[in-house]
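Residues per chain, in single letters:
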Amino acid sequence: MPKVGMEPLRRKALIDAAISAIGERGSLDVTMSEIAGRAGVSSALAHHYFGAKDELLFATMRHILAELTIDMRRALQSAASPRERVSAVVAVNFSDIQFQAETIAAWLAFYVEAQKSPALRRLLKVYARRLHSNLMSGLAGILPRAEADRAAEATAAMIDGLYIRRALKDGVPDAATAIALVEDYLETKLGERQKQ
């Protein structure tokens, strides 16, 4: 007889194990058995909770997005000005939770898999729309709409690019430097606008 209340804990353990396995491997080429072993549960139990590996991977991406969304809402609630909103969005994307090696590897693996998986592609589109919307929530209060839209796209591209460079271990070594690079771009962009 299963222990009451264990399912959410085991699901979370499997998702954490999936992030760890993907991060270590650098791809989605991990088995359900490997993930289950890392989580300390049987492969059969992992299949019971998630069915196929694709469902576990989908749940893992949803979990990463949910954590990002929770952190983003919290940060945006404490932002007092449009400029602070933009900085909050940047900071959350490079937070300790999001900008750790395993999570970065998971993000990149999901980007690659989204080329083949309509379900993951939909999730990544949701992420991209949310990122753009969150950036616009600040930039639209500072710049004309068309300029704000371009600045949001450029900022999002920088965030994604810095994740790629970090994953390749060939770029920005830490979150503080990544934030500084994006903030430098934003200050330049916003400073140009003020000169006009």
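As the structure is a computational prediction, the values presented were derived from the model and not from experiment.

Q: Can you tell me about the overall build of the protein, naming the residues and giving the values?
A: In terms of regular secondary structure, the protein is built from nine helices and zero strands. Reported as C-alpha extents along the three principal axes, the dimensions of the protein are approximately 70 × 35 × 30 Å. Out of the 196 residues belonging to the protein, those deemed buried represent 42%. A separation of at least 24 residues holds for 63% of the contacts in the protein among residues at least 6 apart in sequence. A distance of 5 Å separates the average location of the 26 positive side-chain charges in the protein from that of its 23 negative side-chain charges.

Q: How would you sum up the nonpolar core? Please name residues and give values.
A: With 61 residues, the main nonpolar core has Leu14, Phe94, Trp107, Phe110 and Leu139 as its most contacted residues. Among the elements that line this core, the one with the most residues is helix 4 (residues 53-78), at 10 residues. Once residues lying within four places of it in the same chain are set aside, the contact partners of tryptophan 107 are Met61, Ile64, Leu65, Leu68, Gln98, Leu124, Tyr127 and Tyr163.

Q: Go over the side chain of arginine 83, please, and point to the residues and values.
A: Note on placement: arginine 83 falls in helix 5 (residues 82-93). Under the relative-accessibility criterion, arginine 83 is labelled buried at 18%. A distance of 2.8 Å separates a polar atom in the side chain of arginine 83 from a polar atom in the side chain of glutamate 187. Leave out the neighbours within four places in its chain, and arginine 83 touches Ile142, Glu183, Leu186, Glu187 and Leu190.

Q: Could you give an account of the packing of aromatic side chains, with specific residues and numbers?
A: Enumeration according to the criterion identifies five aromatic pairs in this entry. Ring centres of phenylalanine 94 and tyrosine 163 lie 5.9 Å apart, and the angle between their planes is 35°; on these two criteria the pair is classed as tilted. One end of the pair, phenylalanine 94, is in the loop between helix 5 and helix 6 (101-113); the other, tyrosine 163, is in helix 8 (residues 145-167), with 69 residues separating them in the sequence. Take phenylalanine 94 and tyrosine 163: they sit in the same class, and that class is buried. Ring plane angle 40° and centroid distance 6.4 Å describe the contact between tryptophan 107 and tyrosine 111, whose orientation is recorded as tilted. In this pair, tryptophan 107 and tyrosine 111 are both assigned in helix 6, four residues apart and thus about one turn of the helix distant. With a relative accessible area of 4%, tryptophan 107 lands in the buried category. Between the NZ or CZ atom of arginine 11 and the centre of the ring of phenylalanine 50, over which it lies, the distance is 4.8 Å.

Q: I'd love a proper account of the environment of alanine 119, names of residues and values included.
A: Looking at where alanine 119 falls in the secondary structure, it is placed in helix 7 (residues 118-139). On a C-alpha basis, the gap between alanine 119 and phenylalanine 58 in space is 7.5 Å, while along the polypeptide they are 61 residues apart.

Q: Break down the UniProt feature "domain: HTH tetR-type" (unreviewed entry) in the protein for me, citing the residues and quoting the values.
A: The feature "domain: HTH tetR-type" (unreviewed entry), as annotated in UniProt, sits at residues 8-68 in this numbering. Overall, residues 8-68 shows 82% helix and 0% strand. The separation of its end C-alpha atoms is 19 Å.

Q: I'd love a proper account of helix 2 (residues 32-39), names of residues and values included.
A: Every buried residue of helix 2 is listed here: Met32, Glu34, Ile35, Ala36 and Ala39. Phi turns positive one or two residues past the end of helix 2, at glycine 40, with a value near 75°.

The rules behind each value
Residues numbered from 1 in each chain as written. Predicted model: local features only at pLDDT ≥ 70, side-chain atom pairs only at ≥ 80, totals over all residues. Heavy atoms only, no water. Helix = DSSP H or I, 4+ residues; strand = E, 2+ residues; numbered from the N terminus. Buried < 20%, exposed > 50% of the residue type's maximum accessible area, 1.4 Å probe, protein only. Contact = heavy atoms within 4.5 Å. Lys, Arg positive; Asp, Glu negative; His and termini not counted. Charge placed at Lys NZ, Arg CZ, Asp CG, Glu CD. Core = buried A, V, L, I, M, F, W, Y, C linked by side-chain atoms within 4.5 Å. Polar contact = N/O pair within 3.5 Å; in protein donor to acceptor, adjacent residues only side chain to side chain. Phe/Tyr/Trp six-rings, centres within 6.5 Å; stacked < 30°, edge-to-face > 60°. Lys NZ or Arg CZ within 6 Å of the ring centre and 35° of its normal. UniProt positions renumbered as here; feature names shortened; annotations may be inferred.

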